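# Inside the fold
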Amino acid sequence: MNKRAIALHYSGGSDAPTVAAKGYNQLAEHIIEQVKQQGGLIHQDDELSTYLDKLEAGDAIPEQLYRVIAELIAFSWLLNGKTPPGWEGLEGIDETV
């Protein structure tokens, strides 16, 4: 199977996350490297990437994926010391992973 990468972008507003970039093989490696350099979360999920692969760059993610993508974004933000808007969080959470 060819390597693929789909990068999502979320502005933090009320709009749905969008597909920022997608690519295969060498371009996928480049996308992954750029996301790592920017401190983004790399999440490997064959089923999710198969579904997202049907979208084009600039497309909003479908409503069926809102919850799973929101959870991934919230997790990524938490790992980077941020919290999603409106999230109360847990007092004294250990952020060391």
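Residues numbered from 1 in each chain as written. Predicted model: local features only at pLDDT ≥ 70, side-chain atom pairs only at ≥ 80, totals over all residues. Heavy atoms only, no water.

When you go through the protein chain residue by residue, the secondary structure sums to three helices and two strands. Secondary structure of the protein chain in N-to-C order comes out as β-β-α-α-α. For the protein chain, with 97 residues in total, the buried portion stands at 26%. Here the analysis covers contacts within the protein chain between residues at least 6 apart in sequence; of these, 50% occur between residues at least 24 apart. Working note: accessible area of the protein chain is about 7,200 Å², and carbon and sulfur atoms make up 49% of it. (Helix = DSSP H or I, 4+ residues; strand = E, 2+ residues; numbered from the N terminus. Buried < 20%, exposed > 50% of the residue type's maximum accessible area, 1.4 Å probe, protein only. Contact = heavy atoms within 4.5 Å. Areas by Shrake-Rupley, 256 points an atom, 1.4 Å probe, with all protein chains shown as cover.)

A few words on helix α3 (residues 66-79). With 14 residues, α3 extends 20 Å between its outermost C-alpha atoms, agreeing within 8% with the 20 Å of an ideal straight helix rising 1.5 Å per residue. Listed as buried for α3 are Ile69, Leu72, Ile73, Ser76 and Trp77. Projected down its long axis, α3 carries its buried residues within an arc of 135°, all on one side. Here the buried face of α3 lies against β1 (4-9) and α2 (46-52). Within two residues after α3, Gly81 carries a phi angle of roughly 80°, on the positive side. (Expected span 1.5 Å × (residues − 1). Arc of directions from axis to C-beta.)

Our focus in this paragraph is the layout of surface pockets. Put simply, the largest pocket is a space of about 1,200 Å³. What lines the largest pocket is a set of 36 residues, and nearest its centre among them are Ile6, Ala7, Leu8, Val35 and Leu41. Going through the elements one at a time, β1, β2 (18-24), α1 (26-37), α2 and α3 are the ones with two or more residues in the lining of the largest pocket. The element best represented in the lining of the largest pocket is β1, accounting for six residues. For the lining of the largest pocket, the per-class residue count stands at 20 nonpolar, eleven polar and five charged. (1 Å grid on protein atoms, 1.4 Å probe; cavity = no way out; pocket = protein on both sides within 12 Å on 5 of 7 lines; lining within 4 Å. Points joined across faces, edges and corners; volume = space filled by probe spheres on them. Nonpolar A, V, L, I, M, F, W, Y, C, P; charged D, E, K, R; others polar.)

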